[in-house]
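Okay, here's what each chain looks like letter by letter:
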Amino acid sequence: MPKLVPYKPLVLRLFHGLNAFLAIASLITGFLVYDSWDGRFGQLSLTVKNRALIDIHGTFAFWLFWVFLAFAVVNIKIGKSYLTNSQDLSKLNVKVGQNVWWYRLQRLLNTTILLALTLSLATGKMQDENWLPRGEVNHIWYYLHLIAWLVTLIALSCHLLISAKVGGKTLFLSMFNSKYRPQDDPKLWRDKIRAWFKNPRW
Ligand code: HEM
Ligand code: HEM
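Here's a quick rundown of the structure. Predicted, not measured: the structure shown is a model, and the values here were computed from it.

Topic: the coordination of the iron atom of ligand 1
Protein-derived coordination of the iron atom of ligand 1 comes from His16 (NE2) and His159 (NE2), at a distance range of 2.0 Å. Around the iron atom of ligand 1, the six donor atoms are arranged such that angles at the metal cover 89 to 179 degrees; this shape is classified as octahedral. With a gap of 143 residues between them, His16 in helix 1 (residues 10–37) and His159 in helix 5 (residues 140–175) connect regions that are remote in the sequence. Comparing His16 with His159 shows no difference in burial state: the two are buried.

Printed below as a string of structure tokens:
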């Protein structure tokens with residue numbers, strides 16, 4: 001199939017990169033917390049029980065929460081075309097395997113990973129940093145947080161696989177490319193934000 005490499009607005013790429021970095025850091029540190037303090041569903045014993053690990057995870061996750069909020073707004077405002085839209089939902093008679101089918105699946109998986117992270121962040125906010133050190137591993141919110149971790153891991157793997165299938169290396173590079181068009185120049189951002197506040201449109 002033809003490799004599709006659309007131009008992505010700079011602000012989308014910046015937030016995507018920052019969000020991806022913090023999300024992967026939260027996934028890894030979250031796993032290390034589970035691996036050292038719990039391990040009931042499988043254990044690699046990579047680290048020993050360590051209070052600092054919980055704090056490190058909490059710090060990455062805390063920043064991810066705010067960056068994700070901004071990323072979600074940017075996606076809804078200017079990245080709508082990369083997410084599932086009303087056309088995808090209304091015209092379902094597309095044959096499996098057609099190019100358009102793959103692009104729809106890609107948009108669906110872009111949307112799914114946003115929802116998976118929302119679940120991880122929402123359940124994360126319900127955690128108490130003292131549960132694991134006190135040996136309390138049966139809280140319902142703790143189980144939900146673990147399930148959210150697994151869902152996010154699966155969603156991220158699918159997100160990467162479909163992007164590789166649809167756009168390959170060029171698409172990956174386009175997400176981390178620092179070049180931008182003149183209308184995307186960060187020098188214009190201040191004026192654009194001011195103009196928006198003068199005439200807010202939702
Ligand atoms: C958990 C972290 C991630 C989330 C929540 C996420 C979310 C998204 C979303 C919503 C889009 C749609 C367009 C946009 O907003 O820029 C997108 C596009 C994309 N992402 Fe991610 N992403 C994550 C991690 C990654 C990672 C680690 C990579 C690669 C190393 C990656 C590669 C891509 C590519 C190549 C596209 C373009 C796909 C398209 O054109 O629709 N993403 N991502
Ligand atoms: C997708 C991966 C994960 C994300 C996005 C995530 C997100 C979060 C968030 C947002 C918080 C609240 C931080 C705050 O505002 O103070 C949190 C706390 C916490 N998470 Fe996760 N988490 C993930 C995976 C895990 C896993 C696998 C564990 C394993 C046990 C875990 C254990 C904890 C603990 C113990 C806290 C409390 C730490 C504190 O409040 O300082 N997380 N997480």
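Side note on the site of ligand 1
Taken together, the neighbourhood of ligand 1 is formed by 24 residues, with Lys8, His16, Asn75, Asn110 and His159 sitting nearest. Within the side chain of Gln106, a nitrogen or oxygen atom sits 3.4 Å from an oxygen atom of ligand 1. Separating a nitrogen atom of ligand 1 from a side-chain N or O atom of His159 is a distance of 2.8 Å. If you list the elements that add at least two residues to the shell around ligand 1, you get helix 1, helix 2 (51–78), helix 4 (99–124) and helix 5. For the shell around ligand 1, the element with the most residues is helix 5, which contributes seven residues. Of the residues contributing to the shell around ligand 1, the split by class is 16 nonpolar, seven polar and one charged.

What about the coordination of the iron atom of ligand 2?
Taken together, the protein ligands of the iron atom of ligand 2 are His57 (NE2) and His145 (NE2), with distances of 2.1 Å. What the six donor atoms of the iron atom of ligand 2 show is an angle range of 83 to 179 degrees at the metal, which sorts the shape as octahedral. In this pair, His57 is assigned in helix 2 and His145 in helix 5, connecting sequence segments 88 residues apart. Summarising the burial analysis for this pair, His57 and His145 share the class buried.

Quick look at the packing of aromatic side chains
For the coordinates displayed, the defined rule picks out eight aromatic pairs. Aromatic side chains Phe21 and Phe60 sit 6.3 Å apart centroid to centroid with 80 degrees between the ring planes, which places their arrangement in the edge-to-face category. With Phe21 in helix 1 and Phe60 in helix 2, this pair connects stretches of sequence that are 39 residues apart. Between Tyr142 and Tyr143 the ring centres are 6.3 Å apart and the planes differ by 55 degrees, which places this aromatic pair in the tilted class. With a relative accessible area of 5%, Tyr142 lands in the buried category.

About the cut-offs
- Residues numbered from 1 in each chain as written.
- Chains lettered and ligands numbered in written order.
- Predicted model: local features only at pLDDT ≥ 70, side-chain atom pairs only at ≥ 80, totals over all residues.
- Heavy atoms only, no water.
- Donors = N, O, S within 2.8 Å, 3.2 Å for Na, K, Ca; no water.
- Tetrahedral: all angles 85-135°; square planar, octahedral: opposite > 155°, others 65-115°.
- Helix = DSSP H or I, 4+ residues; strand = E, 2+ residues; numbered from the N terminus.
- Buried < 20%, exposed > 50% of the residue type's maximum accessible area, 1.4 Å probe, protein only.
- Near = heavy atom within 4 Å.
- Polar contact = N/O pair within 3.5 Å; in protein donor to acceptor, adjacent residues only side chain to side chain.
- Nonpolar A, V, L, I, M, F, W, Y, C, P; charged D, E, K, R; others polar.
- Phe/Tyr/Trp six-rings, centres within 6.5 Å; stacked < 30°, edge-to-face > 60°.

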